[in-house]
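# Coordinates in review
So you can see what is in the structure, the chains are spelled out below.
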Amino acid sequence: MSKPWHIRRDAGGLTLSRQPVAQFDVSASAGFPPLRMLRLAQMIRQDMWRRLQGLRGFSPVVQVRRGDDGLCVTAGGAVAGRFPKAHTEAQIDALLHDPALRARWQRCALLTHGKVLV
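A few points on the structure. Since the model is a prediction, treat every value here as computed from it, not as a measurement.

## Considering the sheet that holds strand S3 (residues 26–32)
Strand pairing in a sheet relies on backbone hydrogen bonds, with the paired strands running either antiparallel or parallel. Pairing is antiparallel across the open sheet formed by 5 strands, whose spatial order is S1-S2-S4-S5-S3. Two strands in the sheet have a free side with no partner beyond their single neighbour: strand S1 (6–10) and S3. Across the sheet, the axes of successive neighbouring strands diverge by a mean angle of 15°, strand direction being ignored. Pairing of strand S4 (residues 58–67) with strand S5 (residues 70–79) involves 10 bridges; the strand directions are antiparallel. Across the sheet, the residue bridging to Pro 60 is Gly 77, located in S5.

Take a look at the structure:
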């Protein structure tokens, strides 16, 4: 049986993490237009896990915050043990800025009736 994902919501957005307390040992950020925050976080988490599943002790975290111009996403997570931080952050940054992935995420997380859904 798999462990549940923890979703912490507040007035500014949400955080999706495997652990009850989210921790960023490694991270990268990117901006997005207004989208459904939870759906966006889930898709980014899934693709980040696929890309970094070989990183031993990796526990993904995706934080989505509302801003004036849309959403700010910080993706990364905690890593148990030593790891190549600069290389890992570059991989996450490349994932967040991949045009094909961004197009799929945005298509799947579109807003419904102009509402910001979480």
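The rest of the description comes next.
## Topic: the pattern of salt bridges
Tallied over the full model, the rule gives 3 salt bridges. Here Arg 65 and Asp 10 are joined by a salt bridge, their closest N and O atoms 3.0 Å apart. Here Arg 65 is found in strand S4, whereas its partner Asp 10 is found in strand S1, with 55 residues between them in sequence. For Arg 65, a relative accessible area of 27% gives the class partly exposed. Residues joined in a network through salt bridges with shared partners are Asp 47, Arg 50 and Arg 104.

## Quick notes on the pairing of S5
Within S5, 9 of the 10 residues are buried, which leaves it mostly tucked inside the rest of the structure. As judged from the 7 bridges shared by S3 and S5, these two strands associate in the antiparallel manner. Pairing of Ala 30 across the sheet is with Val 73, part of S5. Once S4 ends, the chain turns through 2 residues before running back antiparallel as S5.

## Describing the packing of helix H1 (residues 37–52) against helix H2 (residues 85–96)
Here H1 crosses H2 at 135°, and the two axes come no closer than 10 Å. For the element pair H1 / H2, the angle class is oblique. The handedness of the crossing between H1 and H2 is right-handed. When H1 is examined against H2, the residues Ile 44, Asp 47, Met 48, Arg 51 and Leu 52 are found in contact with a partner set consisting of Thr 88, Gln 91, Ile 92, Ala 94, Leu 95 and Leu 96. When grouped by side-chain class, the residues that make up the contact of H1 with H2 number 7 nonpolar, 2 polar and 2 charged.

About the cut-offs
Residues numbered from 1 in each chain as written. Predicted model: local features only at pLDDT ≥ 70, side-chain atom pairs only at ≥ 80, totals over all residues. Heavy atoms only, no water. Pairing = 2+ DSSP bridges. Helix = DSSP H or I, 4+ residues; strand = E, 2+ residues; numbered from the N terminus. Axes fitted to C-alpha atoms, helices over the stretch in contact; angles between N-to-C directions. Salt bridge = Lys/Arg side-chain N within 4 Å of Asp/Glu carboxyl O. Buried < 20%, exposed > 50% of the residue type's maximum accessible area, 1.4 Å probe, protein only. Parallel < 35°, antiparallel > 145°, perpendicular 65-115°, else oblique. Left-handed = near helix turned anticlockwise from the far one by under 90°. Contact = heavy atoms within 4.5 Å. Nonpolar A, V, L, I, M, F, W, Y, C, P; charged D, E, K, R; others polar.

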